[in-house]
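Secondary and tertiary structure notes
Single-letter residue listing:
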Amino acid sequence: MDRRELAAFLRGRRERITPADVGLPAGPRRRTPGLRREEVAQLAYISTEYYTRLEQARAPRPSREVLAQLARALRLTDAERDHLHHLAGTPPGLPAGPSRQVRQSIVDLLHRLPRAAAFVLSASYEVIAWNDLAAALMEDFSALPRRDRNLVRRAFLGPYDHGRTLYSVSDAEEFARISVRDLRRTAARYPDDPELTALIAELQSGSPEFARLWAAHEVAGRPALCKSFDHPLVGRIDVNCDVLDIADRDQRVVVYTATPGSRSEEALGLLAVIGTQRMDVPG
């Protein structure tokens, strides 16, 4: 355990977080840059005395549980979390659950693809980043609570408009099968993630079809390279589907593009103009 480096690292990470970042009032007499020590201790569910001793390089080695709580409280990236563990003399294990933090360069990439609908999926099939065209083609994810952005939950439990399948996509059944296989592999990688365990339990109890596919224990599948969306405003859109792995985050970038010069490309262009507004609803 490198107490001095650990102390300096904690202090540096604490000072870069503002109270507003964690939903705390700044207050009129705040002189400390970033958070106060007692605020970090409160967020990490540890005593202020112990956290103070950590920053003073006087504390005993923190447990893995304390390190995990500090990483959450200080909003550490995966690389920073690993560094924290190494400084504490406790090599990091696998993260407890799938990462939901998307690198800024990936977010920037999504928005540099104005003619493609692109989004990022976590290992549990949660949509965690998207561009405007993906929202227009599929759904305005920003208007949904986080739990409703999970595509496996939506595929098996709905809700759907007027009995339509998820986004009226042509490969809805195949997507459902592949997502179950992927989710089983994810569950094997993150066996201690309570959120993932709860998701699987909810799907098993709420969908006989999911329960049947889950019981089959299949772990292989190939996603469709082409699919069609029956969009309520612009009609059918045929797209190519490419999936790019982000190995270090256990995430995937999904990119939908239309064949140049096709009617589908024109439809995507129209959606880029329309955005997520509902033209079929009186203003």
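Notes on the structure follow. (Residues numbered from 1 in each chain as written. Predicted model: local features only at pLDDT ≥ 70, side-chain atom pairs only at ≥ 80, totals over all residues. Heavy atoms only, no water.)

**Quick word on the overall build of the protein chain**
This is how the line gets drawn: In this text, helices come from DSSP runs of H or I with a minimum length of four residues, and strands from runs of E with a minimum of two, each type numbered from the N-terminal end. Buried means the residue's accessible area, taken with a 1.4 Å probe over protein chains only, is under 20% of the maximum for its type, while exposed means over 50%, and partly exposed covers the values in between. Contacts between residues were defined by any pair of non-hydrogen atoms, one from each residue, lying within 4.5 Å. Throughout, the Shrake-Rupley method with a 1.4 Å probe supplies accessible areas, and for residues the shown protein chains are the sole cover considered. When charges are counted, neither His nor the chain ends are considered; positive counts come from Lys and Arg and negative counts from Asp and Glu. By convention, the charge on Lys lies at NZ, on Arg at CZ, on Asp at CG and on Glu at CD.
Within the protein chain one finds 12 helices and five strands. In terms of its C-alpha atoms, the protein chain occupies a principal-axis envelope of roughly 65 × 45 × 30 Å. Buried positions account for 45% of the 283 residues belonging to the protein chain. Within the protein chain, contacts between residues separated by at least 24 positions form 57% of all contacts whose residues are at least 6 apart in sequence. Total accessible area on the protein chain stands at roughly 15300 Å², and carbon and sulfur atoms take up 52% of it. A gap of 6 Å separates the mean positions of the 41 positive and 38 negative side-chain charges of the protein chain.

**Thoughts on the packing of aromatic side chains**
Rule in force here: Each aromatic pair joins two rings of Phe, Tyr and Trp (for Trp, the six-membered one) with centres within 6.5 Å, and gets the label stacked for planes under 30 degrees apart, edge-to-face for over 60, and tilted for any other angle.
A complete count under the given rule lists six aromatic pairs for this structure. Measuring from centroid to centroid gives 5.7 Å for Tyr125 and Phe175, while their planes differ by 70°, and the two rings are edge-to-face. Placement of the pair is Tyr125 in the loop between strand 1 (117–121) and strand 2 (127–130) and Phe175 in helix 9 (residues 172–189), with a sequence separation of 50 residues. Classification of Tyr125 as buried rests on a relative accessible area of 3%. Each residue in the set Phe119, Phe229 and Tyr256 is aromatic and connected to the rest through ring pairs, giving one cluster.

**With respect to the side chain of Ser228**
Selection criterion: Any N or O atom pair separated by 3.5 Å or less is treated as a polar contact, with the protein-specific requirement of one donor-capable and one acceptor-capable atom, and with residues adjacent in sequence counted only for side-chain atom pairs.
Looking at where Ser228 falls in the secondary structure, it is placed in strand 3 (residues 226–231). Note on Ser228: relative accessible area 11%, which makes it buried. Among the polar contacts listed, one links the side chain of Ser228 to the side chain of Arg236, at a separation of 3.3 Å. Setting aside residues no more than four positions away along its own chain, Ser228 makes contact with Ser168, Val169, Ser170, Arg236, Ile237 and Asp238.

**Focus on the pattern of salt bridges**
Operational definition: Salt bridges are identified by distance alone: a Lys or Arg side-chain nitrogen within 4 Å of an Asp or Glu carboxyl oxygen.
Inspection of the entire model under this criterion finds 21 salt bridges. In this structure, Glu265 engages Arg115 in a salt bridge whose closest nitrogen and oxygen atoms are separated by 2.4 Å. Taken together, the positions of Glu265 in helix 12 (residues 263–274) and Arg115 in the loop between helix 6 (104–111) and strand 1 put the pair 150 residues apart, joining distant regions of the chain. For Arg146, the salt bridge is made with Glu126, and the minimal N-O distance between the two is 3.1 Å. With Arg146 in the loop between helix 7 (132–137) and helix 8 (151–157) and Glu126 in the loop between strand 1 and strand 2, the pair connects residues that are 20 residues apart, well separated along the chain. Arg146 sits in the partly exposed class, given a relative accessible area of 34%. Each of Arg100, Glu126, Arg146 and Glu195 takes part in salt bridges that share partners, so that together they form one network.

**What to know about unusual backbone geometry**
The phi dihedral of Tyr45 falls on the positive side, at around 60°, and the residue is not glycine. Within the secondary structure, Tyr45 is located in the loop between helix 2 (37–44) and helix 3 (48–55). On the accessibility criterion, Tyr45 (71% relative accessible area) is exposed. With phi around 55°, Tyr167 is a residue other than glycine that occupies positive phi space. As for its position among the elements, Tyr167 is in the loop between helix 8 and helix 9.

**Section: the sheet that holds strand 3**
The cut-off we apply is this: Strands qualify as paired when DSSP identifies two bridges or more between them. Lines fitted to the C-alpha atoms define the axes, with helices restricted to the stretch that makes contact. Angles between their N-to-C directions range from 0 to 180 degrees.
Here five strands make up an open sheet; going across it, the order is 2-1-5-4-3 and the pairing antiparallel. Each edge of the open sheet is held by one strand with a lone partner, namely strand 2 and strand 3. Recorded for the sheet is a direction-independent mean angle of 30° between the axes of neighbouring strands. In terms of strand pairing, strand 1 meets strand 5 (residues 251–257) through five bridges, oriented antiparallel. Across the sheet, the residue bridging to Ala117 is Tyr256, located in strand 5.

**Topic: the pairing of strand 4 (residues 235–246)**
Examined bridge by bridge, strand 3 and strand 4 share six bridges and lie antiparallel to one another. Residue pairing across strands places Lys227 opposite Val239, the latter belonging to strand 4. Where strand 3 hands over to strand 4, the hairpin turn is made up of three residues, counted between the paired strands. Note: strand 4 against strand 5, seven bridges, orientation antiparallel. Across the sheet, Val243 pairs through a bridge with Val254, a residue of strand 5. Adjacent in sequence and paired antiparallel, strand 4 and strand 5 are bridged by four residues, among which Asp250 carries a positive phi angle near 55°.

**Some details on helix 1 (residues 3–15)**
Test applied: Multiplying one less than the number of residues by 1.5 Å gives the expected span of a helix. Note that the arc is computed from the directions linking the helix axis to the C-beta atoms.
Given a rise of 1.5 Å per residue, 13 residues ought to cover 18 Å, and the 18 Å separating the end C-alpha atoms of helix 1 matches this to within 8%. The set of residues buried in helix 1 consists of Leu6, Ala7, Phe9, Leu10 and Arg14. End-on view of helix 1: buried residues confined to an arc of 165°, all on one side of the axis. Against the buried residues of helix 1 lie helix 2, helix 3, helix 4 (64–73) and helix 5 (78–87).

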